[in-house]
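What follows is the residue order along each chain.
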Amino acid sequence: MTRPADYQPPFSVDEAVGPPTDAPNERIDVGVLIVGAGPAGLACAIRLGQLLEEAPEVRGRLGEVPVAVLEKGKQPGSHLLSGAVVNPRGLRRLFRGRKQLEELPLLGPVEGESVYFLTAGSAFRIPTPPTMKNEGNYVASLSQLGRWLASQAEEGGSMILPETAATKLLVEHGRVVGVRTGDKGRGRAGEPLPNFEPGSDLVARVTVLAEGTQGHLTGAAIERFGLAGDNPQVWALGVKEIWRVAKPLHRVIHTMGWPLRGGARYREFGGSFIYPMGEEHVAIGMVVGLDYRDAELSVHDVLQELKTHKIVREILAGGERVEWGAKTIPEGGFLALPKQLHAPGLLFCGDGVGMVNVPALKGIHYAIESGRLAAETAFEALQRGRTAATPGALESYDRAVRDSYIWRDLEQVRNMRPAFSRGFWVGGALAGMMTATRGKLPPFTFRTERDADVELIVTDRARHYPAPDGKLTFDKLSSVFLSGNKTRDDQPDHIRIQRKVPNELAELWVRMCPAHVYEVGGADGEGTVEVEVNPSNCVQCGAITAKGGRLTPPEGGSGPEYQRT
């Protein structure tokens with residue numbers, strides 16, 4: 001049997017972690033450096049701005065740039081994608097009365113909700129599981145919310161550096177001192193082009209990694225400092241479309257069951273969401289765990305199949321697809337959290353370390369809360385006579401997270417995701433027991449298995465996918481166009497895979513990738529095939545890292561340009 005883990009490309013943590021290389025007088029010095037302008041990173045910047053406003057003497061000691069935020073996309077929000085139904089708890093605690101929810105770019109409160117179990121020809125409405133109830137929550141576009149949060153961070157004095165990829169974590173004398181940014185303007189073979197700009201060493205008193213899902217430096221730092229938890233992280237892939245519709249939708253809808261298969265043999269865990277986005281738009285998406293086994297499964301095409309169901313077709317009737325995107329989601333939850341959430345000079349926040357409640361389909365408010373707590377820890381470490389390099393200086397962050405609702409919520413549902421590796425029906429029964437007992441039963445902890453360690457099978461799954469008609473169902477290339485992809489055709493390849501692999505693994509990568517990055521080339525007569533890569537199609541979803549390859553930081557400013565996702 002073929003396992004993706006047996007064909008991983010060479011990679012050393014030394015490629016992503018090392019000492020500064022610029023001369024001391026050429027380094028860019030900032031106070032607190034935040035990597036990632038998502039909910040966690042921007043919440044951290046906003047809270048730091050609030051605290052520094054009240055402590056001008058601390059702000060003065062941090063130099064010309066007290067807080068810097070790196071964003072690899074064209075602008076904040078460019079790479080943000082989520083459902084998204086947002087629990088406002090984190091936002092309320094972040095702004096502490098300075099802003100009311102009515103002032104935020106939210107699309108309205110959840111007015112009603114329905115959960116359906118689907119078969120190919122029917123839809124059975126079922127009671128909403130307690131973990132999925134959304135009363136008091138708000139529908140939002142995460143990319144729009146991210147841009148607004150960035151404006152608030154800038155008003156508070158943070159400097160946001162867009163189109164800037166962090167490619168190396170700088171470690172000196174055992175502590176993190178900042179990051180190195182990536183070069184710009186290199187050709188496909190790595191040669192400098194006329195517009196070449198070398199990267200720079202950014203050094204800081206405290207560095208906060210808020211990279212989001214599949215964070216390159218986060219994973220390297222966890223390995224470098226020996227922080228990996230007892231269980232490996234696992235992932236899901238979400239593919240989402242925004243539609244302009246003829247009639248408004250006034251409730252959020254979740255589905256389970258078809259088009260996914262419930263047997264334990266397939267390990268297909270996931271479901272769909274359909275959310276109103278104002279009067280004229282709806283979001284529809286499909287999320288599937290990447291521990292699935294069938295090489296012919298394609299989340300993008302499963303979403304196209306879902307749209308042919310009567311209940312979904314009626315919602316989209318007369319509408320037009322206006323945007324598309326894809327992203328991985330960490331699903332290991334409590335079981336896969338690192339042993340600690342800090343290292344010397346370094347703090348971890350949000351999705352990068354897996355702060356996602358899978359049964360509740362929520363993670364944004366955890367990211368915001370962790371960013372806020374990280375800011376308060378960093379601020380304390382910046383007080384006169386203290387330094388983040390002192391052993392234990394950042395331990396209070398771990399204590400704050402453990403005392404927060406993040407820890408309590410994730411601990412209660414810790415066993416739910418791995419339960420579904422036993423199939424939909426067994427997993428559903430176990431999940432019901434866990435919900436009823438608030439996680440106290442079963443009295444033991446399940447184990448997670450790396451997505452890349454799952455043995456592959458090949459079925460005839462692909463024959464069920466509908467042919468693209470350009471009206472309701474679409475191919476991958478037309479979808480990538482709607483992501484606003486900004487990747488240069490001639491920039492260096494940022495994707496690492498073994499190029500000669502068994503046919504079933506090549507088929508897995510081709511089907512799995514929602515952006516048509518991989519193609520099967522010729523066979524070599526030894527049971528393997530050549531895999532061809534089209535890196536300019538990549539929307540940086542991160543799925544390849546979960547299934548045997550590695551996504552490394554691309555040139556800053558490349559990738560999607562999401563507007564409503």
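Quantities reported herein were computed from a predicted structural model and do not represent experimental measurements.

Here is what the cut-offs are and how they apply
- Residues numbered from 1 in each chain as written.
- Predicted model: local features only at pLDDT ≥ 70, side-chain atom pairs only at ≥ 80, totals over all residues.
- Heavy atoms only, no water.
- Core = buried A, V, L, I, M, F, W, Y, C linked by side-chain atoms within 4.5 Å.
- Buried < 20%, exposed > 50% of the residue type's maximum accessible area, 1.4 Å probe, protein only.
- Contact = heavy atoms within 4.5 Å.
- Pairing = 2+ DSSP bridges.
- Helix = DSSP H or I, 4+ residues; strand = E, 2+ residues; numbered from the N terminus.
- Axes fitted to C-alpha atoms, helices over the stretch in contact; angles between N-to-C directions.
- Phe/Tyr/Trp six-rings, centres within 6.5 Å; stacked < 30°, edge-to-face > 60°.
- Lys NZ or Arg CZ within 6 Å of the ring centre and 35° of its normal.
- Arc of directions from axis to C-beta.

Some details on the nonpolar core
Of all hydrophobic cores here, the largest spans 90 residues; its most connected members are Ile34, Leu169, Val208, Met355 and Tyr397. Leaving out residues up to four positions away in the same chain, Val208 has contacts with Val32, Leu33, Ile34, Val35, Cys44, Leu347, Cys349 and Ala374. Judged by nonpolar contacts, the second largest core, of 61 residues, contains Leu81, Phe474, Tyr518 and Val529.

Brief notes about the pairing of strand 10 (residues 166–172)
Bridging between strand 1 (residues 17–18) and strand 10 involves two bridges; their strand directions are parallel. Within strand 10, the residue paired with Gly18 across the bridge is Leu170. In the sheet, strand 10 pairs with strand 11 (residues 175–181) via six bridges, with the strands oriented antiparallel. Bridge pairing in strand 11 links Ala166 to Thr181. Hairpin connection of strand 10 to strand 11: two residues between the antiparallel strands, including His173 at a positive phi of 55°.

So, the sheet that holds strand 8 (residues 138–140)
Judged by pairing direction, the sheet is antiparallel, and its three strands sit side by side in the order 4-8-5 without closing on themselves. Edge strands, defined here as strands with exactly one partner in the open sheet, are strand 4 (85–86) and strand 5 (106–109). Pairing analysis gives two bridges linking strand 5 to strand 8, with the strands arranged antiparallel. Paired with Leu106 across the bridge in strand 8 is Ala140.

Brief notes about the environment of Asp29
When you line up the elements, Asp29 lands in strand 2 (residues 28–35). Remark: the alpha-carbon pair of Asp29 and Ala204, spanning 175 residues in sequence, is separated by 6.0 Å. Contacts of Asp29, omitting those with residues within four sequence positions, involve Val203 and Arg205.

Details of unusual backbone geometry
With an omega of -5°, the peptide bond between Gly83 and Ala84 qualifies as cis. Within the element layout of this structure, Ala84 appears in the loop between strand 3 (67–70) and strand 4. Here the residue pair Trp258 and Pro259 is connected by a cis peptide bond, since its omega of 10° sits within 30 degrees of zero. Positionally, Pro259 belongs in the loop between strand 16 (252–257) and strand 17 (270–277). Within the chain, Glu163 stands out as a residue other than glycine whose phi angle is a positive 55°. Mapping Glu163 onto the fold places it in the loop between strand 9 (159–161) and strand 10. Given the relative accessible area of 26%, Glu163 is considered partly exposed.

Overview of the sheet that holds strand 19 (residues 320–330)
Taken in spatial order, the seven strands make up an open sheet running 7-6-16-17-18-15-19, and their pairing is mixed. Strand pairing shows two members of the sheet lacking a second neighbour, strand 7 (123–126) and strand 19, which therefore form its edges. Strand-to-strand twist in this sheet, taken as the mean axis angle between neighbours without regard to direction, amounts to 20°. With three bridges connecting them, strand 16 and strand 17 associate as antiparallel partners. Its bridge partner lying in strand 17, His254 is registered against Phe273. Across the sheet, helix 6 (residues 299–306) lies against strand 6 (113–118), strand 15 (235–244), strand 16, strand 17, strand 18 (281–289) and strand 19, angled at about 130° from strand 18, the strand it touches most.

Here's the deal with helix 5 (residues 216–224)
When helix 5 is considered as a whole, its buried residues turn out to be His216, Leu217, Thr218, Ala220, Ala221 and Ile222. Looking at the buried positions of helix 5, the neighbouring elements they touch are strand 1, strand 10, strand 11, strand 14 (201–209), strand 21 (346–348) and strand 26 (550–551). The positive-phi residue at the C-terminal boundary of helix 5 is Gly226, with phi of around 65°.

Here we look at the packing of aromatic side chains
The final tally for this structure, using the stated rule, is six aromatic pairs. Consider the rings of Phe334 and Trp407, whose centres lie 4.9 Å apart with planes at 75°: the pair is edge-to-face. Of this pair, Phe334 sits in the loop between strand 19 and strand 20 (342–343) while Trp407 sits in helix 10 (residues 405–412), and the two are 73 residues apart along the sequence. Like Trp407, Phe334 is buried. Ring centres of Tyr366 and Tyr405 lie 6.1 Å apart, and the angle between their planes is 45°; on these two criteria the pair is classed as tilted. Highlighted residues: Tyr366 in helix 8 (residues 364–381) and Tyr405 in helix 10, separated in sequence by 39 residues. Judged on exposure class, the residue Tyr366 and its partner Tyr405 are both buried. The residue whose ring lies beneath Arg261 is Tyr266, and the NZ or CZ to ring-centre distance is 3.9 Å. Taking the ring centre of Phe474 as reference, the NZ or CZ of Arg321 above it sits at 3.8 Å.

Side note on helix 9 (residues 395–402)
By the burial criterion, the buried members of helix 9 are Tyr397, Asp398 and Val401. Within helix 9, the buried residues cover an arc of 100° as seen down the axis, which keeps them to one side. Buried residues along helix 9 sit against strand 20, strand 21, helix 8 and helix 10.

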